[in-house]
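Here's the letter readout for the chains.
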Amino acid sequence: MEVKIEQSWKEVLNEEFNQEYFLKLASFVKEEYKSKRIFPPADKIFNAFNLCSFNDVKVVIIGQDPYHGEGQANGLSFSVNDGIRIPPSLINIYKELKSDLGINPPNSGNLERWSKQGVLLLNATLTVQKSTPNSHQGKGWEKFTDAVIKQISDRKENVVFILWGAYAKKKGEVIDRNKHFVIESPHPSPFSADRGFFGSKPFSKTNSYLTKNNLKAINW
């Protein structure tokens, strides 16, 4: 089927878009947008891909579900729109960024600036019903995003995968660790950040690996 997504991703994922599970998923999602309040806005479902082409991917940060509050989700994991209150997990990510690299937390939770530098902010599930977390899990998105991760792992080299929490760690099982760098720690959620997320230094570790492999560091 024809999916509106950045061209390099369209070529890499073309077979996926034509599989039966994805056709069913697409039909389900279309009906949900017609009858319910679904986030992110339909034109932002593939925002992570449109802002970071397949060719540009240097870092992958895996999230789970889009934010389900009004105006929050913008298609990027852990990110919210400008002017929206910064969520607790992202507050902790900013705290670790300050501790790790001395970067003061910005006023906005919009992480588009990371995407445009080659950071794929990938949620496992790309849509959600308003005020109903996990409502679109088990519909096919997880299979699709597993395929995305595998394509990156198989076709590219020297990508940094940042896996925060048990869910992301499980998603990362398909990654070839012989040719990529995987950073794992507890999730930045307030429930788990004190168990090893704080002090894990993912940002400096990422940049150290990228520069060692002659790739441009991320300006976090």
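A few points on the structure. Since this is a predicted model, take the numbers as computed values, not measurements.

**Remarks on helix H4 (residues 88–101)**
At step 1: An ideal rise of 1.5 Å per residue puts 20 Å on 14 residues; H4 measures up with 20 Å between its terminal C-alpha atoms.
At step 2: By the burial criterion, the buried members of H4 are Ser89, Leu90, Asn92, Ile93, Tyr94, Glu96, Leu97 and Asp100.
At step 3: Gly102 lies just past H4 and shows a positive phi near 75 degrees.

**As for the pairing of strand E5 (residues 160–164)**
At step 1: With respect to burial, E5 is a largely interior element, five of its five residues being buried.
At step 2: Neither face of E5 is left uncovered, since the one carrying Val160, Ile162 and Trp164 and the one carrying Phe161 and Leu163 both have all their residues buried.
At step 3: Examined bridge by bridge, strand E2 (residues 59–63) and E5 share four bridges and lie parallel to one another. Within the sheet, the bridge partner assigned to Val59 lies in E5 and is Val160.
At step 4: Sheet analysis places E5 next to strand E6 (residues 181–185), joined by five bridges and oriented parallel. Bridging from a neighbouring strand, Ile162 pairs with Ile183 of E6.
At step 5: In this fold, the crossover linking E5 to E6 by way of helix H7 (residues 166–171) has right-handed handedness.

**Some words on the environment of Leu120**
At step 1: For Leu120, the location among the structural elements is in strand E3 (residues 119–123).
At step 2: Overall, the relative accessible area of 0% leaves Leu120 in the buried class.
At step 3: Sequence-wise, Leu120 and Thr145 are 25 residues apart; in three dimensions their C-alpha atoms are separated by 12 Å.
At step 4: Excluding residues within four positions of it along the chain, Leu120 makes contact with Trp9, Ala48, Phe49, Cys52, Val57, Val59, Val60, Ile61, Val148 and Ile152.

**A word on the side chain of Ser153**
At step 1: You can see Ser153 is positioned in helix H6 (residues 141–155).
At step 2: On the basis of relative accessible area, Ser153 is assigned to the buried category, the value being 0%.

**Things to note about the pattern of salt bridges**
At step 1: Under the counting rule described, the total for this entry stands at 12 salt bridges.
At step 2: Measuring nitrogen to oxygen at the nearest pair gives 3.5 Å for the salt bridge that ties Glu20 to Lys24. With a gap of four residues between them, Glu20 and Lys24 both fall in helix H2 (residues 20–35), about one helical turn apart.
At step 3: Note on Glu20: relative accessible area 56%, which makes it exposed.
At step 4: The class of Lys24 is exposed, set by a relative accessible area of 55%.
At step 5: Across the pair Glu31 and Lys34 runs a salt bridge whose closest N-O atoms are separated by 3.3 Å. Within this pair, Glu31 and its partner Lys34 are both found in helix H2, separated by three residues, close to a single helical turn.
At step 6: Residue Glu31 is classed as partly exposed on the basis of its relative accessible area of 43%.

Conventions we followed
- Residue positions are given per chain, counting from 1 as you read along its sequence in written order.
- Per-residue local features are limited, in this predicted model, to residues with pLDDT of at least 70; the limit for side-chain atom pairs, both in listing and counting, is 80 or more; totals at the level of whole chains, interfaces and linings are taken over all residues.
- The basis for every side-chain value is the complete set of heavy atoms in the structure, and neither hydrogens nor water enter the calculation.
- Secondary structure elements follow DSSP: runs of H or I of four or more residues count as helices, runs of E of two or more count as strands, with numbering from the N terminus.
- Expected span of a helix: the number of residues minus one, times 1.5 Å.
- Each residue's exposure class comes from its accessible area (1.4 Å probe, protein chains only) as a fraction of the maximum for that residue type: buried when under 20%, exposed when over 50%, partly exposed otherwise.
- By the convention used here, strands pair only if DSSP detects at least 2 bridges between them.
- Seen with the strands pointing away from the viewer, any crossover whose path from the first strand over the helix to the second strand runs clockwise is right-handed.
- The contact criterion used throughout is that any non-hydrogen atoms of two residues lie within 4.5 Å.
- Take a side-chain nitrogen of Lys or Arg and a carboxyl oxygen of Asp or Glu: if they are within 4 Å of each other, that pair is a salt bridge.

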